[in-house]
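Listed below, chain by chain, are the residues.
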Amino acid sequence: MTVRPIRIIGDPVLRTACEPVTSFDAELQHLVDDLMDTLLGAPGRAGVAAPQIGVSAQVFVYDADGHRGHMINPRIELSDETQDDDEGCLSIPGLYFPTRRAMHATVHGFDRHGEPLTISGSGFLARALQHETDHLRGRLYVDTLSGDVRRRALREIRAGRFDSPSRHR
């Protein structure tokens, strides 16, 4: 079991769009395993994306609403219907802000063996799929915030008011 350290906001890998996976080899298998070990290595985690462990590859794992799996090279489709709920991120530990997301999401991509894969979800699962797909684009959930909520989030981040990264490894 390899639980990898989570990269924290300020690390450039979190703000860089990831490269598509082109080789479904042993290295990819190891990455998916490390991501899943990292996800399951602490309670309360809903997903981990490759850049969060310092790897620029379009891969994420998830465990939300009774669904657990991985996705490679995702393409996401979103509903027009929205949901508002607090959202947090392992890369900005301890901070949660109301974040608008699509109520339903469908993600198309590939499994670890290169086979086509589709997952659809609503509510929390949809939120997790959107959150992790955003990571692969170099986007954090705070980038989706607006108005007073965004200003408050950025103030808290600048002030370093998030939990110590050592708690989240």
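- As annotated in an unreviewed UniProt entry, the protein is Peptide deformylase from Micromonospora purpureochromogenes.
- Taken verbatim from the UniProt record of the protein, the Sequence similarities (unreviewed entry) comment is "Belongs to the polypeptide deformylase family."

## Considerations on the side chain of H135
Logical step 1: Locating H135 in the fold gives a position in helix 2 (residues 123-136).
Logical step 2: Classification of H135 by relative accessible area gives buried; the value is 1%.
Logical step 3: Excluding residues within four positions of it along the chain, H135 makes contact with C18, A49, P51, Q52, C89, S91 and L140.

## Considering the pairing of strand 4 (residues 82-89)
Logical step 1: In this sheet, strand 5 (residues 92-102) lies alongside strand 4 in antiparallel orientation, the contact comprising 8 bridges. In the sheet register, C89 faces strand 5, and the bridge partner there is I92.
Logical step 2: Connecting the antiparallel pair strand 4 and strand 5 is a turn made up of 2 residues.

## So, helix 1 (residues 26-40)
Logical step 1: Over its 15 residues, helix 1 extends 21 Å from the first C-alpha to the last, a length consistent with the 21 Å expected when each residue adds 1.5 Å.
Logical step 2: Every buried residue of helix 1 is listed here: L28, Q29, L31, V32, D34, L35, M36, T38 and L39.
Logical step 3: Those residues of helix 1 hidden inside the fold are in contact with strand 1 (47-49), strand 2 (59-64) and strand 3 (67-78).
Logical step 4: Its side-chain oxygen at 3.3 Å from the backbone nitrogen of E27, D25 defines the N-terminal cap of helix 1.

What counts and what doesn't
- Residues numbered from 1 in each chain as written.
- Predicted model: local features only at pLDDT ≥ 70, side-chain atom pairs only at ≥ 80, totals over all residues.
- Heavy atoms only, no water.
- UniProt positions renumbered as here; feature names shortened; annotations may be inferred.
- Helix = DSSP H or I, 4+ residues; strand = E, 2+ residues; numbered from the N terminus.
- Buried < 20%, exposed > 50% of the residue type's maximum accessible area, 1.4 Å probe, protein only.
- Contact = heavy atoms within 4.5 Å.
- Pairing = 2+ DSSP bridges.
- Expected span 1.5 Å × (residues − 1).
- Polar contact = N/O pair within 3.5 Å; in protein donor to acceptor, adjacent residues only side chain to side chain.

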